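# Structural characterization, general
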Amino acid sequence: MPGQAPTISSIAITSATGIQNNTLNAEDTVNITVTMSEATTVTGSPRLALNIGGNLVQASYVSGSGGTELVFSYTVQAGQTDANGVSVVADSLSFNGGSLSDAIVNQGGSTPGSASRIESIERIDLTGSGDNTLTLGLKDVLDMAGFNNFNNANGWADGTYDLAAGGANFINPEQRHQMVIDGNAGDAVNSSGWGASVGTVTNNGHTYDVYNQGSYAQLLIDASITQTVI
């Protein structure tokens, strides 16, 4: 629930690389997936304790912020083998100076009476005199963007990304906070918390690159804009 701390639903060792004869050896990597009760934002470098053949080690957080599955990884060091098995130490998830928090602190434009000072911004247009740069983060979209505004029923067309099928959500229209950034050559957008583009859609003669985070936020950026999105 928004505003409430997420909890751990399950922890599982999900993959290993370099393993031979069912045994982990030096330089092999083991990955552990921690499934949370809801989308979780990770800051800093949380750790998870493992027992590898009687050696207590710390797996480091590597990915998953904004979603429900957080991945931790550990590379086996010289002298360590899993001859006695690999296990996750109970109650060993530590923040290590970081934090785990509800990714949807404020639903913004989709929640009447929410606490956002500015909300329900569906579109930002950078087109104008000179070259303009916009810097925004994932939380800006979650806190300020409207909900379910850009879909096939509203004049948008599928490109390599399928809005009709709801993309990753398989809901039509897909249920996300959506913000569109318009602009032209010379304009720039800098944003973090998204990952790689999942495809393109078109509207009114423009092509937009689509960025998703979890099941909650979507950023659509005019392809003619210089994009630094991570």
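Quick caveat: nothing in here was measured; it's all calculated off a predicted structure.

About the cut-offs
- Along each chain, residues carry numbers from 1 onward, in the same order as the chain's sequence is written.
- Local features are withheld for residues below a pLDDT of 70 in this predicted model, meaning they are given only at 70 or higher, and side-chain atom pairs are given and counted only at 80 or more; totals for whole chains, interfaces and linings count all residues.
- The basis for every side-chain value is the complete set of heavy atoms in the structure, and neither hydrogens nor water enter the calculation.
- Helix and strand labels come from DSSP, where a helix needs a run of H or I of at least four residues and a strand needs a run of E of at least two; each type is numbered from the N terminus.
- Throughout, a contact is declared for two residues whenever any of their heavy atoms are within 4.5 Å.
- Method for areas: the Shrake-Rupley scheme with a 1.4 Å probe, in which residue coverage is limited to the protein chains shown.
- Burial status follows relative accessibility: with a 1.4 Å probe on protein chains alone, a residue under 20% of its type maximum counts as buried, one over 50% as exposed, and anything between as partly exposed.
- In protein, a polar contact requires one atom able to donate a hydrogen and another able to accept it; more generally it is a pair of N or O atoms within 3.5 Å, and residues adjacent in sequence count only if both atoms are side-chain atoms.
- Remark: nonpolar core denotes a set of buried residues (Ala, Val, Leu, Ile, Met, Phe, Trp, Tyr, Cys) joined through side-chain atoms within 4.5 Å.
- For two strands to be treated as a pair, DSSP must find at least two bridges joining them.
- Each residue carries a pLDDT score, the predictor's confidence in it, ranging from 0 to 100.

Along its length, the protein chain carries one helix and 17 strands. Considering only contacts in the protein chain between residues 6 or more positions apart, those separated by 24 or more positions represent 69%. Summed over its atoms, the accessible surface of the protein chain is roughly 11000 Å², and 49% of this surface lies on carbon and sulfur atoms.

Here the focus is the side chain of S191. Residue placement: S191 occurs in strand β13 (residues 188–192). The exposure class of S191 is buried, given its relative accessible area of 6%. A polar contact of 2.7 Å, which involves the side chain of S191, links it to the backbone oxygen of L136. Side-chain polar atoms of S191 contact the side chain of W194, separated by 2.8 Å.

Turning to the nonpolar core, a few remarks are in order. Judged by nonpolar contacts, the single largest core of 17 residues is most densely connected at V141, I181, W194, L219 and I221. Of all the secondary structure elements, the ones that give two or more residues to this core are β10 (133–137), α1 (138–144), β12 (177–182) and β16 (217–222). When near neighbours in sequence (up to four residues on either side) are disregarded, I181 contacts I124, L126, L134, V189, Y208, L219, L220, I221, D222 and I225. Counting 16 residues, the second largest nonpolar core, distinct from the first, contains V57, Y61, L70 and F72.

Turning next to the environment of S224. Here S224 is to be found in the loop between β16 and β17 (226–229). By relative accessible area, which is 35% here, S224 ends up partly exposed. On a C-alpha basis, the gap between S224 and N184 in space is 5.3 Å, while along the polypeptide they are 40 residues apart. Not counting chain neighbours up to four residues away, the residues in contact with S224 comprise G183, N184 and A185. In terms of polar contacts, S224 uses its side chain to reach the backbone carbonyl oxygen of G183, at 3.3 Å.

Once that is clear, we can look at the sheet that holds strand β9 (residues 123–125). Taken together, six strands build an open sheet; the order of strands is β9-β12-β16-β15-β14-β11 and the sheet is mixed. Every interior strand has two partners, whereas the edge strands, β9 and β11 (157–158), have only one.

Mapped onto the elements, G186 comes out in the loop between β12 and β13. The partly exposed category is assigned to G186, whose relative accessible area is 36%. Between the alpha carbons of G186 and S224 there is a distance of 8.4 Å; along the sequence they are 38 residues apart. Excluding its chain neighbours within four sequence positions, the residues that come into contact with G186 are D131 and N132.

Time to look at the confidence of the model for the protein chain. Per-residue confidence for the protein chain gives a mean pLDDT of 80, with 79% of residues at or over 70. Long-range and interchain partners of residues 105–117, a stretch whose pLDDT sits below 50, account for 24 contacts in this model, where long-range means more than four residues apart.

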